[in-house]
Amino acid sequence: MEYTKKRKAYIVISAILLMAVMVTIFLLSAENGEQSSNTSGTLVKILTAILGFTPPEDIIRTLGHFCEFAALGFLSANMLFAYKNKLKPVFTALLSLGYAVTDEIHQIFVPERACQLSDLAVDFGGIILGTIIFSIIYLIIKVHWLKFHIIFQSKSSNNTTQTSYEYFITDR
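Quick caveat: nothing in here was measured; it's all calculated off a predicted structure.

> Requested: an account of a nonpolar patch on the surface, with residues and values cited.
A surface patch of nonpolar side chains, amounting to about 490 Å² of accessible area, comprises Leu43, Ile46, Ile50, Leu51 and Phe53. Looking at the secondary structure, you find Phe53 in the loop between helix H2 (33-51) and helix H3 (57-84).

> Could you give me a rundown of the environment of Ala77, with the residues and numbers involved?
Within the secondary structure, Ala77 is located in helix H3. When the C-alpha positions of Ala77 and Phe91 are compared, they lie 8.7 Å apart, and in sequence the two are 14 residues distant. Aside from chain neighbours lying at most four places away, what touches Ala77 is Thr92 and Phe134.

> Can you explain the confidence of the model for the protein chain? Please cite residues and give values.
A residue-level look at the protein chain finds 87% of positions with pLDDT of 70 or above and a mean pLDDT of 88. Within the model, the stretch residues 161-172 combines pLDDT values under 50 with 11 contacts to residues more than four positions away or in other chains.

> Describe H3, listing the residues and the values that go with them.
Along an α-helix, a turn takes 3.6 residues, which lines up residues three or four apart on a common side. Between its first and last C-alpha atoms H3 spans 40 Å; for 28 residues at 1.5 Å apiece the expected length is 40 Å, and the two agree. Following H3 by one or two positions, Asn85 has its phi on the positive side, about 60 degrees.

> For unusual backbone geometry, give the residues involved together with the corresponding values.
In the Ramachandran plot, Asn85 falls in the positive-phi region, its phi being about 60 degrees despite a non-glycine side chain. Along the polypeptide, Asn85 turns up in the loop between H3 and helix H4 (89-108). Of note in this structure, Glu112 is not a glycine but carries a positive phi near 65 degrees.

> Let's hear about the packing of aromatic side chains: which residues, and what values?
Counted under the stated rule, the structure contains 5 aromatic pairs. Between Phe74 and Phe134, the aromatic rings sit 5.4 Å apart at their centres with planes inclined by 80 degrees, giving edge-to-face as the arrangement. Residue Phe74 is found in helix H3, and its partner Phe134 is found in helix H5 (residues 117-158); the two are separated by 60 residues along the sequence. Seen in terms of ring centroids, Phe81 and Phe134 are 6.2 Å apart; in terms of plane orientation they differ by 55 degrees. Their pairing is tilted. With Phe81 in helix H3 and Phe134 in helix H5, this pair connects stretches of sequence that are 53 residues apart. Judged by relative accessible area, Phe134 falls into the buried class, the value being 7%. Sitting over the ring of Phe81, Arg7 keeps its end group 5.6 Å from the ring centre.

> Outline the nonpolar core, supporting the account with residue identities and numerical values.
Ile25, Phe69 and Leu72 are the most contacted members of the largest nonpolar core, which has 14 residues in total. For this core, the elements supplying multiple residues, two or more each, are helix H1 (5-30), H3, H4 and H5. It is H3 that provides the largest number of residues to this core, a total of 5 residues.

> So what's going on with the packing of H3 against H4? Residues and values would help.
Following both chains from N to C, one finds H3 and H4 inclined at 140 degrees, their axes separated by 9 Å at the closest point. The angle between H3 and H4 places the two elements in the oblique class. Helix-helix and strand crossings are classified by hand; for H3 and H4 the assignment is right-handed. Where H3 approaches H4, its residues His65, Phe69, Leu72, Gly73, Ser76, Ala77 and Leu80 are matched on the opposing element by Phe91, Thr92, Leu95, Ser96, Tyr99, Ala100, Asp103, Glu104 and Gln107. Of the residues assigned to the contact of H3 with H4, the class counts are 8 nonpolar, 6 polar and 2 charged.

The rules we used
- Residues numbered from 1 in each chain as written.
- Predicted model: local features only at pLDDT ≥ 70, side-chain atom pairs only at ≥ 80, totals over all residues.
- Heavy atoms only, no water.
- Patch = residues over 30% accessible without salt bridge, like charges linked within 9 Å, V, L, I, M, F, W, Y side chains within 5 Å.
- Areas by Shrake-Rupley, 256 points an atom, 1.4 Å probe, with all protein chains shown as cover.
- Salt bridge = Lys/Arg side-chain N within 4 Å of Asp/Glu carboxyl O.
- Helix = DSSP H or I, 4+ residues; strand = E, 2+ residues; numbered from the N terminus.
- Contact = heavy atoms within 4.5 Å.
- pLDDT = per-residue confidence, 0-100.
- Expected span 1.5 Å × (residues − 1).
- Phe/Tyr/Trp six-rings, centres within 6.5 Å; stacked < 30°, edge-to-face > 60°.
- Buried < 20%, exposed > 50% of the residue type's maximum accessible area, 1.4 Å probe, protein only.
- Lys NZ or Arg CZ within 6 Å of the ring centre and 35° of its normal.
- Core = buried A, V, L, I, M, F, W, Y, C linked by side-chain atoms within 4.5 Å.
- Axes fitted to C-alpha atoms, helices over the stretch in contact; angles between N-to-C directions.
- Parallel < 35°, antiparallel > 145°, perpendicular 65-115°, else oblique.
- Left-handed = near helix turned anticlockwise from the far one by under 90°.
- Nonpolar A, V, L, I, M, F, W, Y, C, P; charged D, E, K, R; others polar.

As structure tokens, this is what we get:
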């Protein structure tokens, strides 16, 4: 497949963003129990200042897992789309789940951390949400792009206006 300069730039930027999220997840998982607790504690302090009340640290940690893997799911879907020009949500979710499994295995070797199935479930929930969000955005953009081009082409091709549905189903 031959890529344009814009497509190549899109692939490179997508890869950089995906790698940044993967490195962030790895580094956060490499923190020992005390460091991880300090990171969560800092976030709790920031949220307390913003919200005016102190959210429970365990909820913050769970939301952290969920959000970082939602970002992974979103950016994995984006990367696969950038490279293959196709939406592959199931493949995206499975690849991202593979990374989540290796992340949990990695935590076995970190002091005061553990591999937990509940964390993996939260991670996978985030992956699914991120993948769904990308898919919805992709479909919205695709539908609007098709409507614009179909209406524009139908007006310019024969000086009559067809509905986008009529244009879409007719052979040209």
